[in-house]
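Descriptive structure summary
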Amino acid sequence: MRKLRILPYARDIRRLIIRYAAALDSANPDVAFLQMWGILESLTCTIGAHYDETIDRATWVSQDRPLAKEILGCLRCYRNEYVHAARSADNRDQVAQEIKSFVDVHLLCLLRNDFNACSMEEYASFLSLPTSLDKLRARQRQHVRAIRLRELWIKNS
């Protein structure tokens with residue numbers, strides 16, 4: 001609770017934790033699943049965005065990202081079937097548990113503030129970065145060059 005108090009986005013994370021507890025308290029696994037999916041969209045700041053972006057951001061922290069993307073893609077199909085065709089999954093308890101595992105990781109990252117983010121939006125922007133170390137290092141070099149140029153231009157103006 002002390003850690004939660006000092007987070008710059010404490011109000012947002014408290015709301016998500018309340019939603020999370022409500023989802024876990026649901027007797028209907030389909031409802032719990034839909035609530036967890038909504039929480040995942042909130043965690044990744046992709047509400048109303050394309051599902052591919054939600055999946056990309058949600059799997060950024062995964063060790064086996066291709067597998068995680070495949071799992072979330074299947075979960076997205078379950079979500080669409082339930083929302084659009086009112087068809088429940090045969091293994092709905094397992095489906096609800098699977099989406100929970102993705103939500104749990106992000107809640108923990110946010111509570112620890114792994115990225116030292118100042119807001120949920122900033123956290124989500126980290127999740128939009130490439131996962132390749134080579135690509136991240138290339139961006140880092142670009143940023144260093146851009147900072148040097150800006151400093152030089154400011155100095156000479």
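Right, let's walk through the structure included here. (Residues numbered from 1 in each chain as written. Predicted model: local features only at pLDDT ≥ 70, side-chain atom pairs only at ≥ 80, totals over all residues. Heavy atoms only, no water.)

Mapped onto the elements of the fold, His106 is located in helix 6 (residues 92–112). By relative accessible area, His106 is classed as buried at 0%. The residues contacting His106, other than those within four sequence positions of it, are Leu40, Leu43, Arg57, Ala58, Val61, Tyr123 and Leu127. (Helix = DSSP H or I, 4+ residues; strand = E, 2+ residues; numbered from the N terminus. Buried < 20%, exposed > 50% of the residue type's maximum accessible area, 1.4 Å probe, protein only. Contact = heavy atoms within 4.5 Å.)

Here we come to the pattern of salt bridges. In the structure shown here, the tally under the stated rule is seven salt bridges. Put simply, Asp12 and Arg15 hold a salt bridge, and the shortest N to O gap is 3.8 Å. You can see Asp12 and its partner Arg15 sitting in helix 2 (residues 10–25), three residues apart, about one turn around the helix. Classification of Arg15 as partly exposed rests on a relative accessible area of 49%. (Salt bridge = Lys/Arg side-chain N within 4 Å of Asp/Glu carboxyl O.)

In this fold, Leu40 is placed in helix 3 (residues 29–43). The class of Leu40 is buried, set by a relative accessible area of 0%. A C-alpha to C-alpha distance of 7.3 Å links Leu40 and Ala58, two positions 18 residues apart in sequence. The contact partners of Leu40, leaving out residues within four places of it in the chain, are Ala58, Leu72, Ile99, Phe102, Val103 and His106.

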